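# Coordinate analysis (summary)
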Amino acid sequence: MSSAMAAHLSVVTSQSPSLASARQSVIHLYRDFQRGVPEIMRTHQIDIPMSAIRTKIREEFERHRDVKDLAVIDILLLKGRQEYQETMNAWKQETHIMRYFIKDDAPPKPEGFMEKFLAGRD
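Cut-offs and rules
Residues numbered from 1 in each chain as written. Predicted model: local features only at pLDDT ≥ 70, side-chain atom pairs only at ≥ 80, totals over all residues. Heavy atoms only, no water. Helix = DSSP H or I, 4+ residues; strand = E, 2+ residues; numbered from the N terminus. Contact = heavy atoms within 4.5 Å. Areas by Shrake-Rupley, 256 points an atom, 1.4 Å probe, with all protein chains shown as cover. Axes fitted to C-alpha atoms, helices over the stretch in contact; angles between N-to-C directions. Parallel < 35°, antiparallel > 145°, perpendicular 65-115°, else oblique. Left-handed = near helix turned anticlockwise from the far one by under 90°. Nonpolar A, V, L, I, M, F, W, Y, C, P; charged D, E, K, R; others polar. Expected span 1.5 Å × (residues − 1). Buried < 20%, exposed > 50% of the residue type's maximum accessible area, 1.4 Å probe, protein only. Arc of directions from axis to C-beta. Bend = angle between axes of the 7 residues up to and from the residue. Salt bridge = Lys/Arg side-chain N within 4 Å of Asp/Glu carboxyl O. Polar contact = N/O pair within 3.5 Å; in protein donor to acceptor, adjacent residues only side chain to side chain.

## Quick word on the overall build of the chain
When its secondary structure is counted, the chain shows six helices and zero strands. For the chain, long-range pairs separated by at least 24 residues make up 72% of all intrachain contacts whose partners lie at least 6 apart in sequence. Just so you have it, the chain exposes about 9100 Å², and 56% of that area is on carbon and sulfur atoms.

What follows is the structure, encoded as C-alpha cells:
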C-alpha cells in the first residue's frame, strides 16, 4: 500500500464548533466504517459474516451515544479516525480486529476469593 493511500485516509483534527457539527462528523465516521466493511474483510481475510461486523461497529458507536461533552466527542472522533485509518491501511493485524469479537465470547472473570480459588487462580 502506498503512502498516497495513507494520506488519502488521513483527516486533519480540529475542535468541533458545536454539537451539531460534531454529530455530523460522527455520522460521517460511522458511514466510512460501514462502507469499509467489505474492504476490511478482504484485506484482513476475516471469516465472520458481514452483518456481524456491521453490528459490532454499531455497538461501538452506541456505547458512546450519551456523550454530550464536546471535548470528549472530539477525542472519541480522533480515536475513531485513527482506528479507521489503521484498519483500512492494514496497519492492524487480524488479531487486533478479532479482539473486538472475543470480548463478547469470553466468560466473566471470577471476582471473589472463592470464585478465583475454584477457577484455579490466585
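## Here we look at the packing of helix α2 (residues 19-44) against helix α3 (residues 50-62)
Their axes nearest at 10 Å, the elements α2 and α3 cross at an angle of 155°. Comparing the axis directions of α2 and α3 gives the class roughly antiparallel. For the crossing formed where α2 meets α3, the hand is right-handed. Where α2 approaches α3, its residues Val26, Leu29, Tyr30, Phe33, Gln34, Val37, Pro38 and Met41 are matched on the opposing element by Met50, Ile53, Arg54, Ile57, Arg58 and Phe61. Looking at the contact of α2 with α3, its residues break down into eleven nonpolar, one polar and two charged.

## Concerning helix α4 (residues 70-88)
Its 19 residues place the ends of α4 27 Å apart at the C-alpha level, agreeing with the 27 Å of an ideal helix rising 1.5 Å per residue. Those residues of α4 that fall on the buried side of the exposure criterion are Ile73, Asp74, Leu77, Gly80, Arg81, Tyr84, Gln85, Thr87 and Met88. Each buried residue of α4 sits inside an arc of 160° when the element is viewed along its axis, so together they form one side. Directly after α4, the chain includes Ala90, whose backbone phi takes a positive value near 60°.

## Here we look at α2
At Val37, α2 is bent by approximately 50°, the largest bend along its length, and proline Pro38 sits one to four residues beyond. Within α2 the residues assigned to the buried category are Ala22, Leu29, Asp32, Phe33, Gln34, Gly36, Val37, Ile40, Met41 and His44.

## A look at the pattern of salt bridges
Using the criterion set out here, one finds eight salt bridges in the structure. The partner of Glu60 in a salt bridge is Arg63, with the nearest N and O atoms 3.4 Å apart. Under the relative-accessibility criterion, Glu60 is labelled partly exposed at 24%. Where Glu83 meets Lys92, a salt bridge forms, and the shortest distance between an N and an O atom there is 2.2 Å. The buried category is assigned to Lys92, whose relative accessible area is 9%. Several salt bridges share partner residues, and in doing so they unite Asp32, Arg35 and Arg81 into one network.

## Looking at the side chain of Thr87
Secondary-structure assignment places Thr87 in helix α4. When its relative accessible area of 8% is taken as the criterion, Thr87 is described as buried. A polar contact is formed between the side chain of Thr87 and the backbone oxygen of Glu83, at a distance of 2.7 Å. Leaving out residues up to four positions away in the same chain, Thr87 has contacts with Ile40, His44, Lys92 and Ile97.

Geometry only, nothing functional implied.
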